[in-house]
Amino acid sequence: MFTEENLRKVEEIKKRYPTAKAAVLPVLWVAQEQFGWISEEVMHYIADLLGVPFSHILGVVTFYTMYNRRPVGKYHVQVCANVSCMLRGADNMVEHLEKRLGVKVGQTTPDKLFTLSEVECLGSCGTAPMMQVNDDYYEGLTFDKIDRLLEQFRDGKGDHEGKRAEIRTQNEESKG
Amino acid sequence: MDSNSRLFAQNGDPAFPKIVLPDIPDLSRIEVYEANGGYSALKKALGMAPEAVTDEVKKSGLRGRGGAAFPTGLKWTFMPKGTEKPKYLAINADESEPGSFKDRQILEYNPHQLVEGILIASYAMGITSAYIYIRGEYYKWMMILQGAIDEAFSRGYIGDNIAGSNYSVNVYVHRGAGAYICGEESGLMESIEGKRGYPRVKPPFPAQNGLWGNPTTINNVETITNVPAIIWNGAEWFSKIGASKHPGTLLFGVSGHVKNPGVFELPSGTLLTEIIYNYAGGVIGDKKIKMVIPGGSSMPPIRGDQLDGVKMDADSLRTVGSAIGTGGVIVMDEDTDLTSVLLRVAKFYWHESCGQCTPCREGTGWIRKILQRICDGGGKTEDLDLLNRIANNIEGNTICALGDAAAWPIKFTIQRFRNELEEEILSKARAKSAA
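The structure presented is a predicted model; accordingly, all values stated were derived computationally and were not measured. (Residues numbered from 1 in each chain as written. Chains lettered and ligands numbered in written order. Predicted model: local features only at pLDDT ≥ 70, side-chain atom pairs only at ≥ 80, totals over all residues. Heavy atoms only, no water.)

Quick look at the overall build of chain B now. Looking only at helices and strands, chain B has 17 helices and nine strands in total. For a compact globule of 435 residues, the expected C-alpha radius of gyration is about 22 Å, and chain B comes in at 22 Å, within 12% of that figure. Overall size of chain B, expressed as C-alpha extent along the three principal axes, is 75 × 45 × 35 Å. Buried positions account for 63% of the 435 residues belonging to chain B. Of the contacts formed within chain B by residues at least 6 apart in sequence, a portion of 71% connects residues at least 24 apart. Carbon and sulfur atoms form 50% of the exposed surface of chain B, whose accessible area is close to 15,300 Å². The centroid of the 46 positive side-chain charges in chain B is displaced by 4 Å from the centroid of its 49 negative side-chain charges. (Helix = DSSP H or I, 4+ residues; strand = E, 2+ residues; numbered from the N terminus. Rg over C-alpha atoms; globule rule 2.2 N^0.38 Å. Buried < 20%, exposed > 50% of the residue type's maximum accessible area, 1.4 Å probe, protein only. Contact = heavy atoms within 4.5 Å. Areas by Shrake-Rupley, 256 points an atom, 1.4 Å probe, with all protein chains shown as cover. Lys, Arg positive; Asp, Glu negative; His and termini not counted. Charge placed at Lys NZ, Arg CZ, Asp CG, Glu CD.)

Looking only at helices and strands, chain A has eight helices and four strands in total. Out of the 176 residues in chain A, the part that is buried amounts to 53%. A fraction of 63% describes how many contacts in chain A between residues 6 or more apart in sequence connect residues 24 or more apart. With the model as given, the accessible surface of chain A reaches about 8,100 Å², and the carbon-plus-sulfur share is 48%.

A:Y64 and A:Y67 are the most contacted members of the largest nonpolar core, which totals 81 residues. With eight residues, the single largest contributor to this core is helix α13 (residues 338–352) of chain B. Apart from the residues within four sequence positions on either side, A:Y64 is in contact with A:L25, B:Y133, B:A177, B:G178, B:A179, B:C182, B:S191, B:K195, B:R196 and B:G197. Listed in part, the 72 residues of the second largest apolar core include B:V57, B:I91, B:F153 and B:I241. (Core = buried A, V, L, I, M, F, W, Y, C linked by side-chain atoms within 4.5 Å.)

The next subject is the layout of surface pockets. All names here are of chain B. If you add up the space inside the second largest pocket, you get close to 1,300 Å³. Lining the second largest pocket are 45 residues, and of these G66, G67, A68, G183 and E184 sit closest to its centre. If you list the elements that add at least two residues to the lining of the second largest pocket, you get α4 (72–77), β4 (216–220) and α16 (402–416). Of the residues forming the lining of the second largest pocket, the biggest block, five residues, is contributed by β4. Looking at the lining of the second largest pocket residue by residue, the class counts come to 17 nonpolar, 17 polar and eleven charged. (1 Å grid on protein atoms, 1.4 Å probe; cavity = no way out; pocket = protein on both sides within 12 Å on 5 of 7 lines; lining within 4 Å. Points joined across faces, edges and corners; volume = space filled by probe spheres on them. Nonpolar A, V, L, I, M, F, W, Y, C, P; charged D, E, K, R; others polar.)

As a further point, take the packing of aromatic side chains. Across all of its chains, the model carries 28 aromatic pairs over all chains by this definition. Considering the side-chain rings of A:Y137 and B:Y138, the 6.4 Å spacing of their centres and the 65 degrees angle between planes classify their relative orientation as edge-to-face. Here A:Y137 is found in strand β4 (residues 136–138), whereas its partner B:Y138 is found in the loop between β2 (129–134) and α7 (139–154) on a different chain. The same class applies to A:Y137 as to B:Y138, namely buried. (Phe/Tyr/Trp six-rings, centres within 6.5 Å; stacked < 30°, edge-to-face > 60°.)

Looking now at the pattern of salt bridges. For the coordinates displayed, the defined rule picks out 34 salt bridges over all chains. Between A:D147 and A:R100 there is a salt bridge; the shortest N-O distance is 2.9 Å. Here A:R100 lies in helix α6 (residues 90–101) and A:D147 lies in helix α7 (residues 143–154), a separation of 47 residues in the sequence. B:R104 serves as the salt-bridge partner of A:E139, at 2.7 Å between the closest nitrogen and oxygen. In this pair, A:E139 is assigned in the loop between β4 and α7 and B:R104 in helix α5 (residues 103–109), connecting two distinct chains. Among the residues examined, A:E139 registers a relative accessible area of 21% and is labelled partly exposed. B:R104 gets classed as buried once you look at its relative accessible area, which sits at 7%. Several salt bridges converge on common partners, so that one network encompasses B:R65, B:K102, B:D103 and B:E222. (Salt bridge = Lys/Arg side-chain N within 4 Å of Asp/Glu carboxyl O.)

Taken together, the contact pairs 66 residues of chain B with 52 residues of chain A. Between chain B and chain A lies a buried interface of about 4,600 Å² when both sides are counted; carbon and sulfur atoms form 58% of it. Connecting chain B to chain A are two salt bridges. Its salt-bridge partner being B:R344, residue A:E120 comes within 3.1 Å of it at the nearest N-O pair. Inspection of the chain B/chain A interface yields 25 residue pairs in polar contact (both at pLDDT 80 or more). Within the residue set of the side of chain B that touches chain A, elements represented by two or more residues are β2, α7, β3 (170–175), α8 (185–192), β5 (249–256), β9 (328–333) and α13 of chain B. Looking at which element gives the most residues to the side of chain B that touches chain A, the answer is α7(B), with ten residues. Grouping the amino acids of the side of chain B that touches chain A by side-chain chemistry returns 34 nonpolar, 20 polar and twelve charged. (Buried area = accessible area lost by both parts, 1.4 Å probe. Polar contact = N/O pair within 3.5 Å; in protein donor to acceptor, adjacent residues only side chain to side chain.)

As a further point, take the sheet that holds β3(B). Residue and element names in this part refer to chain B. On the basis of which strands lie adjacent, the open sheet formed by four strands has the order β3-β2-β1-β4 and parallel pairing. Looking at which strands have only one partner, the edges of the open sheet turn out to be β3 and β4. Strand-to-strand twist of the sheet, defined as the mean angle between neighbouring strand axes without regard to direction, takes the value 20 degrees. Sheet topology places strand β1 (residues 88–93) next to β4; five bridges connect them, and they run parallel. By the bridge assignment, Y88 is partnered in β4 with T216. (Pairing = 2+ DSSP bridges. Axes fitted to C-alpha atoms, helices over the stretch in contact; angles between N-to-C directions.)

When you line up the elements, B:E137 lands in the loop between β2 and α7. Taking C-alpha positions, B:E137 is 11 Å from B:A93, a pair spaced 44 residues apart along the chain. Once residues within four sequence positions are removed from consideration, B:E137 is found in contact with A:M66, A:L122, A:Q132, A:Y137 and B:G178. Side chain to side chain, B:E137 and B:R135 meet in a polar contact 3.0 Å long.

In this section: the confidence of the model for chain B. Here chain B averages 96 in pLDDT, and 99% of its residues register 70 or above. Both confidence scores are given for the complex: pTM 0.95, ipTM 0.95. (pLDDT = per-residue confidence, 0-100.)

All names here are of chain B. Looking at the element boundaries, I24 is found in the segment before α1 (30–35). Assessed through its relative accessible area of 10%, I24 is described here as buried. Placed 293 residues apart in sequence, I24 and L317 show a C-alpha to C-alpha distance of 32 Å. Setting aside residues up to four positions removed in sequence, I24 forms contacts with R6, L7, V32 and N36.

This is how it looks when you write it as structure tokens:
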């Protein structure tokens, strides 16, 4: 299932830890990069790949919120709704996004372009309100800024898939 | 280090040293970091006996910046000596406490000083593998950090026989995946081991039984970033900055209803009012302050009319019934609806409770439900007593401190804002019956 490049990454990841089990989180990240979400099939695959019981993989995937257990839109819009953001109007931003995207929190647009989520504190309290879209933070949000961003995403700009370089592992490679 | 060196507070105002966030452009690049004296503290440390390095940190009075303010040097001495087992260092970059956004600044602007601190700490404790646990959402900062690690590796600061010594160490980044509880040190270790982040029962403590059953020390990003400056300038220099029992600078992250939110590096013991009014620009619309949470959402709040004279260090805050936590200062103006704030905080702890301990798993859920009912206009003033009782049944009755963290905001807000909360409950109930 994994591409050859990703299989090579898995081997590098395993070298960082004394047990194969410790590779579960980073290997799930590799899987999510390749497939966009973690299906049951992928969980079985990783269980076999690492020699860890399927039940353990399932337990991990269901514990951590960032592993998507369902496909998400091309742009996963995640708005921080915690206290500091709330004090700076996060609720209004969520409402605005719901209106603009025509979906409620937790839903994906029919064209599969956007999934809207509310998330807990993203450590961006000084630049509240804010949202994360895929890997990137967008801070100091206003209605205008949101509208501009959505426009860009619809135009295919701000699509960072191309530059989603995997975490560099020069450290390990040069050791060979 | 030459006279142009600006790292480790070598140049600048000695009354306001910038130890962890010096104002040097492009410091995240290794050439710039080295040109300003970077990695010279590591070389100095490698020329010392490991015990002497630990001793220097101990004498400096450095205390943990992750919330508990535990003496760092003392923590290092808990690591067993002469053991055959591998020893590990875990760096907590899981910054997830609502109101905290300080470690992120270090990762972005001064990652090499963090790496240098990790190497010095590892040498002091005889550690051969260090893991930096970074929250999954900090993708950008993880990339910056990994870049810094790779640069340090290519210059021979990481790997075999570092900086020409006969000491070898590896540094790895481990990415979390969205779980506040992994900021708790034993949850963090479980997560590095590839499991659900369930906190462990203590004892045994990590120094005896940490990662994979081996001796492990866990330190916060900001804590470790202070270490190179301490080794370079000496313990005495550090111990004279700020509050004597909690010395050094602290990163204060100010958010909420202020004009100029941000992270400010100031000596410990700085007045809270100075931070809010001089550095964060005061309150938007020049309103009065109703409530301040001084150290991230878990810490007991302080009333706006009791801010005068409050100093921001561990001991001073304890005397006013709060705690320094992560130094995340959340400011709320006089128009803030406290029951909504409490509901938001309660939702957070309910969502983040790992579910191992019944008081926390069930209690956080009930607190959330009652506050939701209050916010929907169905509350009674006696609900505050009920909330208080639930909070008291969580506090101290759980494996880890998340239970306390969930209980304190509820319990202390009720204790300190009873009148305001009762008024809100009644007015929300009136609004509902009028509708």
